[in-house]
There are 2 protein chains.
Amino acid sequence: MKRRQRGEDPHIEFEPLGRGCDSALGSSLLEAAREAGVGLVALCGGQGRCGRCKVQVISGAVSPLSVPEREFLSEKELALGFRLACQVRVCGDIKVLVPLESLTAAQRMQVEGLELPVPVEPAVVAYDLHLPPPTLEDLRSDGSRLQARLAEEYALADLSFDFELLRRLPDLLRGNEWSGSVALRGREVIGFLPQGREPLGLAIDLGTTKIAGYLVNLATGQLLAAKGVLNPQIRYGEDVMSRISYAMKEGATRLQEAVVGAFNDLAQALCDECEMEVDQILEAVVVGNTAMHHLFLGLPVAQLGLAPYVPAVSEALDIKARDVGLSIAPGGYLHLLPNIAGFVGADHVAMLLATGIHEAEQPTLGLDIGTNTEITLSVGGRLLSCSCASGPAFEGAHIKDGMRAASGAIERLRIVSSQVEYQTIGDLPPVGLCGSGVLDAVAELLRLGIVDEKGAMRDHPRVRRADRGKEFVLVEERESGLDREIVITRRDIGEIQLAKGAVRAGINILLSEAGLTDLDLEEVIIAGAFGNYIGIESGMAIGMLPPLPPERFKQVGNAAGMGAKIALISKKMRAQAAQIARRVEYVELTNHASFAEEFTRSMRLGPAR
Amino acid sequence: MKRRQRGEDPHIEFEPLGRGCDSALGSSLLEAAREAGVGLVALCGGQGRCGRCKVQVISGAVSPLSVPEREFLSEKELALGFRLACQVRVCGDIKVLVPLESLTAAQRMQVEGLELPVPVEPAVVAYDLHLPPPTLEDLRSDGSRLQARLAEEYALADLSFDFELLRRLPDLLRGNEWSGSVALRGREVIGFLPQGREPLGLAIDLGTTKIAGYLVNLATGQLLAAKGVLNPQIRYGEDVMSRISYAMKEGATRLQEAVVGAFNDLAQALCDECEMEVDQILEAVVVGNTAMHHLFLGLPVAQLGLAPYVPAVSEALDIKARDVGLSIAPGGYLHLLPNIAGFVGADHVAMLLATGIHEAEQPTLGLDIGTNTEITLSVGGRLLSCSCASGPAFEGAHIKDGMRAASGAIERLRIVSSQVEYQTIGDLPPVGLCGSGVLDAVAELLRLGIVDEKGAMRDHPRVRRADRGKEFVLVEERESGLDREIVITRRDIGEIQLAKGAVRAGINILLSEAGLTDLDLEEVIIAGAFGNYIGIESGMAIGMLPPLPPERFKQVGNAAGMGAKIALISKKMRAQAAQIARRVEYVELTNHASFAEEFTRSMRLGPAR
């Protein structure tokens, strides 16, 4: 915090984003946040009516608690310094911690993994060197010269060279006056970096829908840039099964090329952002579900698409990036975390790794919610995992006015006296609903009795009959960013019932395998693009999530991507990932005696009972 | 030897070729050899006048010694059972050992390396397996399933998979009813062989002019097929330096593609010959001089073509065959023996390995004679090596009527009372002289005083004046396979002077470095395509070889190829090759104080004095 001169405006700092601004005495923290470029959720527009703009005041002079704050914040939260940003008036310099759930979607990804909570001990290490050039008296080959220096200076012996590096080494050495740093992976020399160029790593979470990439300095572990793009395989099928079908019919080459192309573009964009070269990227770690993993690598998927759904490989892999067409350093490596089963992949292993669920001492549930939802129950040293086909509704697909979590999507909403209050991504006029918005809508309609537990819609001033059944008008045409209303339909509610039914059935089966019930869960960790944005209350209200005190839930964002980053900078954590994959007891739901019954029962809307 | 019935013709066996025939009592061994398809050198046509058809009778009933045999064979040779094949009459079943030097060029290659004198301990080992197929109760991935079986049955653990194998594994397992053998290289699973398919290896000696390939059964070490082809890079330059120049001007891609294409054709042809599949080849070992090594691998050669002539790499390399475009098993490996210096390459290391020169207890000289001649002197635990640019004359190039050692080439000759007696390859009408023929011609002209020690030609009935100086007519038009005479010119003799001068200077400098003279040499081992065919006496007569008793010379044929084969089947010998490369003290001649003087002096024709 900078030293404030008398008469200057107080300085407000927002962590963990590291953003700040000077703000006039008496202005609200919400206003300060806007000025600092920190996007806080505020459904009611800052009137203290929605209780969403929770922040934790770490230090500094603020106004006393207001009535709305006493209403929305629990005793525990108040004790910890939680406040509603719209209610707090600035009385001096303030330091604020913004919890993930108060951030708008656009900003959550930036926050994720700003801290990498492991010691930096990457597989690839760079060593600075200066070599004596060859002379008629010193005719050693470039390779021998380099090895000798590494032995002298760093006591490294028995080294081998990556072949593509060897092809470039003579020119690299001569073009850089015999100075630079050489990158080793184990005992293999895989790269040469001109002076001043740091070794970089790339972590990628390859989702069925989205790809998240993270550029990391391998020497320091520092995150340099992050970026998300759509998985271009979407044009070959929205979900895993349709892509496997496509590959079985048409061959997998296009799918493989599409994703590799996206990775290469992503690597280039991330490097451009911080003025680095893709040649500096010496290792990439990729996590994804098993089908994405196989399609990316060009491994056959036929056996994944047919019972008993067996992966080609489940072990962690270390391969040359060039073998799959990845354009990083020519000698660079690609590490893939292990898969667990046909439908529980390396992304879930990464999620467990990042959240530490596998080390939980109390019964803990981990959910990675997406088109496919992976669930792990950690209890008494056991790790029980399953996968359920929750479908694309949570991604905003198969929903009449659904959309991905992009600008203008309603990400949160509530209904107050028949008025719908909402928050859109980027604060733009609404153009649709993303998954979390749909979930809120269903929960609100259920709470108000407009929808019953079977999903049927009763009459209401905002309910109308359309061609394909009833629908509830969420946004009038005049407010909408489209030239029509935004609605949620009976069918949309049905889609959510299917999705939440699948997830809930999975949770129930894991709990019953372990002889537990909802209330035994000490912690529920929710990860994944969608899981990150949802309202926990809405999830509980419709019965997708177990009815537990809110503080037992933790939304951790893209934990799979975080796990990939952790594995990128820590060999120890890679070893731990292998242990996790071996420890997991996989429960195949399609094959499970009580799945059909659980699924049917779980489609009912309403809190679990 | 088969059991002979009374009245049947005696059976003659020729080793080490393993060929035999039945031959009438009283016929000559030379006739029997022809019938058995064994090509013996016989300049005089079997009249007992040239003494070249020496064979060793191991057992059996033969006629007594003739007068010519007493003339041509030393006491030592007679004691060992050496005879002239044209003089021996068949008196019963006979077993004969044919020394390499008595064989015609066409047959020598077949003999080389029939025996691989090392225990079979290859880098790639295949393990038979039968796997239980997956079921709903056993959902392990293909990779885990395979690993588990290898652990159970062969106690192999901590394995990794080659990536290209992984891409094929699911189909291979399902297409072969989960049975076959898997090939491991160290702890890496690199191949799968359907039942009944043996693991194969490919050894290649990549010469500047010729490529020799050997297909070997990796499980038994047995040589299955051998084949020689021309190096297609010849179109980009005849010698190493011209190819380096080409690569520096035009890029090395074409050179690399040409040689890889030749390797792939060679592998296919070798496999076709014994009804194998190239996919069975799990490892290739390639040896060549440093420039060939670099051009094959696509390593830069600019620094090899300019002083101080430094290789990009001299260490042994293990790379995926696919990384250089070699079409063997998709997961197959390529091993390259270490290089010593810019102009002493892995082929020379292989030659030392195959001949054991590095372990010699007495002063031993090893020569690998070709366009570039590598020389090693082994003395008192030291290995001194140099390389001399002997030029293409020994390959028959830059010689007016010179040609490669192909059909119709005069490979040996002598001049008896102004008549030229010769042996051609394939016994066809002569169309030119290959290197050994040129060497014989120079030696004979020198012996008869037709050429003096400066290379000048005096007048003689067969000497005539042509546009570009004097020439000696070796073959009259009527005997020639061309429509003109075959000659050797003053200029040709000059080329041989340059070549032999370079070799001799190299030998002298190594000897003086070690404080030795010619007569200290206990053994001289001559390898290489050309070295294999030359007349030792001719080599001594012109002064290229040290004047030593003939039994101190040993012609070992393509020892580089033999070394490649040995390295292919023995990990221990690979390690020994690395030691050899490290032990060698390289002497750079172009840089050496007395080289120019030695070279000038060594151009003189006549026995060393």
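Procedures and definitions
- Residues numbered from 1 in each chain as written.
- Chains lettered and ligands numbered in written order.
- Predicted model: local features only at pLDDT ≥ 70, side-chain atom pairs only at ≥ 80, totals over all residues.
- Contact = placed C-beta atoms within 7 Å.
- Helix = DSSP H or I, 4+ residues; strand = E, 2+ residues; numbered from the N terminus.
- Least-squares fit on C-alpha atoms with pLDDT ≥ 70 in both.
- Axes fitted to C-alpha atoms, helices over the stretch in contact; angles between N-to-C directions.
- Parallel < 35°, antiparallel > 145°, perpendicular 65-115°, else oblique.
- Nonpolar A, V, L, I, M, F, W, Y, C, P; charged D, E, K, R; others polar.
- Buried ≥ 20, exposed ≤ 12 C-beta atoms within 10 Å, placed from the backbone.
- Pairing = 2+ DSSP bridges.
- Domains from an automatic or database assignment.
- pLDDT = per-residue confidence, 0-100.
- Expected span 1.5 Å × (residues − 1).

Structural notes on the interface of chain B and chain A
Then comes step 1: In this complex, chain B contributes 36 residues to the contact, which on the side of chain A involves 35 residues.
Then comes step 2: Those elements giving two or more residues to the side of chain B that touches chain A turn out to be helix H5 (142–154), strand S7 (160–161), helix H6 (163–175) and strand S14 (317–320) of chain B.
Then comes step 3: The greatest single-element share of the side of chain B that touches chain A, amounting to 6 residues, is contributed by H6 of chain B.

Some thoughts on the relation of the copies chain B and chain A
Think of it as a corkscrew move, a rotation about one axis and a shift along it, taking one chain copy to the other.
Then comes step 1: Mapping chain B onto chain A leaves a residual RMSD of 0.2 Å; the transformation is a rotation of 179° accompanied by 0.0 Å of translation along its axis. Viewed as a symmetry operation, the transformation between the two copies matches a two-fold axis. Across chain B, the rotation axis passes nearest the C-alpha of Asp323 of chain B, at a separation of 4.4 Å.
Then comes step 2: Residue by residue, 97% of the interface of chain B is reproduced at the interface of chain A, so both copies engage with the same surface.

Observations regarding the packing of helix H12 (residues 435–447) of chain A against helix H13 (residues 490–513) of chain A
Residue and element names in this part refer to chain A.
Then comes step 1: Put simply, H12 and H13 touch, their axes get as near as 11 Å, and they point 105° apart. On the basis of their axis angle, the class for H12 and H13 is roughly perpendicular. Every residue of H13 that contacts H12 at Val438, Leu439 and Val442 is listed here: Asp492, Ile493 and Ile496.
Then comes step 2: Of the residues that constitute the contact of H12 with H13, the class distribution is 5 nonpolar, no polar and 1 charged.

Some details on the pairing of strand S23 (residues 469–475) of chain A
Residue and element names in this part refer to chain A.
Then comes step 1: With respect to burial, S23 is a largely interior element, 5 of its 7 residues being buried.
Then comes step 2: Bridge count between strand S22 (residues 463–466) and S23: 4 bridges; the pairing is antiparallel. Its bridge partner lying in S23, Arg464 is registered against Glu471.
Then comes step 3: Turn length for the S22-S23 hairpin, with the two strands adjacent in sequence and antiparallel, is 2 residues.
Then comes step 4: In this structure, S23 lies alongside strand S24 (residues 486–489), joined through 4 bridges in antiparallel fashion. Note on S24: the bridge partner recorded for Phe472 is Ile488.

Let's talk about the domain arrangement of chain A
Size of an interface: often given as the accessible area lost when the parts come together.
Then comes step 1: Entries for chain A in the domain assignment read domain 1 (11–103), domain 2 (124–193), domain 3 (200–336), domain 4 (352–390 + 502–602) and domain 5 (393–496).
Then comes step 2: Averaged C-alpha coordinates put domain 1 of chain A and domain 4 of chain A at centres separated by 31 Å.

As for the sheet that holds strand S19 (residues 409–416) of chain B
All names here are of chain B.
Then comes step 1: Taken in spatial order, the 3 strands of this open sheet run S20-S19-S21, and their pairing is mixed. On the outer flanks of this sheet lie strand S20 (419–424) and strand S21 (432–433), each paired with one strand and no other.
Then comes step 2: As paired strands, S19 and S21 are joined by 2 bridges and run parallel to one another. Note on S21: the bridge partner recorded for Ala409 is Gly432.

A word on unusual backbone geometry
Then comes step 1: Looking along the chain, the bond that leaves Ala307 of chain A and enters Pro308 of chain A is cis, with omega of 5°.
Then comes step 2: By the secondary structure assignment, Pro308 of chain A is in the loop between helix H10 (302–305) and strand S14 (317–320).
Then comes step 3: Residues other than glycine seldom take positive phi values, yet Glu177 of chain A does so here, at roughly 50°.
Then comes step 4: With respect to the helices, strands and loops of the structure, Glu177 of chain A is situated in the loop between helix H6 (163–175) and strand S8 (179–185).
Then comes step 5: Positioned with a positive phi, Ala155 of chain B is a non-glycine residue whose angle comes to about 55°.

Considerations on the confidence of the model for chain A
Residues and elements named next belong to chain A.
Then comes step 1: Overall, the prediction assigns chain A a mean pLDDT of 91, with 97% of residues at 70 or greater.
Then comes step 2: Confidence scores differ between elements of chain A, with helix H4 (residues 105–111) showing the lowest mean pLDDT of 59 and strand S15 (residues 333–336) the highest of 98.
Then comes step 3: Reported for the predicted complex are a pTM of 0.81 and an ipTM of 0.79.

Examining the sheet that holds strand S5 (residues 90–97) of chain B
All names here are of chain B.
Then comes step 1: Strand order in the open sheet formed by 5 strands is S2-S1-S5-S3-S4, with mixed pairing between adjacent strands. Two strands bound the open sheet, and with one partner strand each, they are strand S2 (19–22) and strand S4 (82–84). Adjacent strand axes in the sheet meet at a mean angle of 35° when their direction is disregarded.
Then comes step 2: The pairing of strand S3 (residues 54–62) with S5 spans 5 bridges and is classified as antiparallel.

Structural notes on helix H13 (residues 490–513) of chain B
Residues and elements named next belong to chain B.
Then comes step 1: Its 24 residues place the ends of H13 34 Å apart at the C-alpha level, agreeing with the 34 Å of an ideal helix rising 1.5 Å per residue.
Then comes step 2: Burial within H13 is extensive, with 18 of its 24 residues counted as buried.
Then comes step 3: Positive phi appears at Gly515, one or two residues downstream of H13, with a value of about 70°.

With respect to H12 of chain A
All names here are of chain A.
Then comes step 1: Across its 13 residues, H12 extends 18 Å between first and last C-alpha, which sits within 8% of the 18 Å expected from 1.5 Å per residue.
Then comes step 2: Taken as a whole, H12 has its buried residues at Gly435, Ser436, Gly437, Val438, Leu439, Asp440, Ala441, Val442, Ala443, Glu444, Leu445 and Leu446.
Then comes step 3: Looking at the residues trailing H12, positive phi occurs at Gly449, about 75°.

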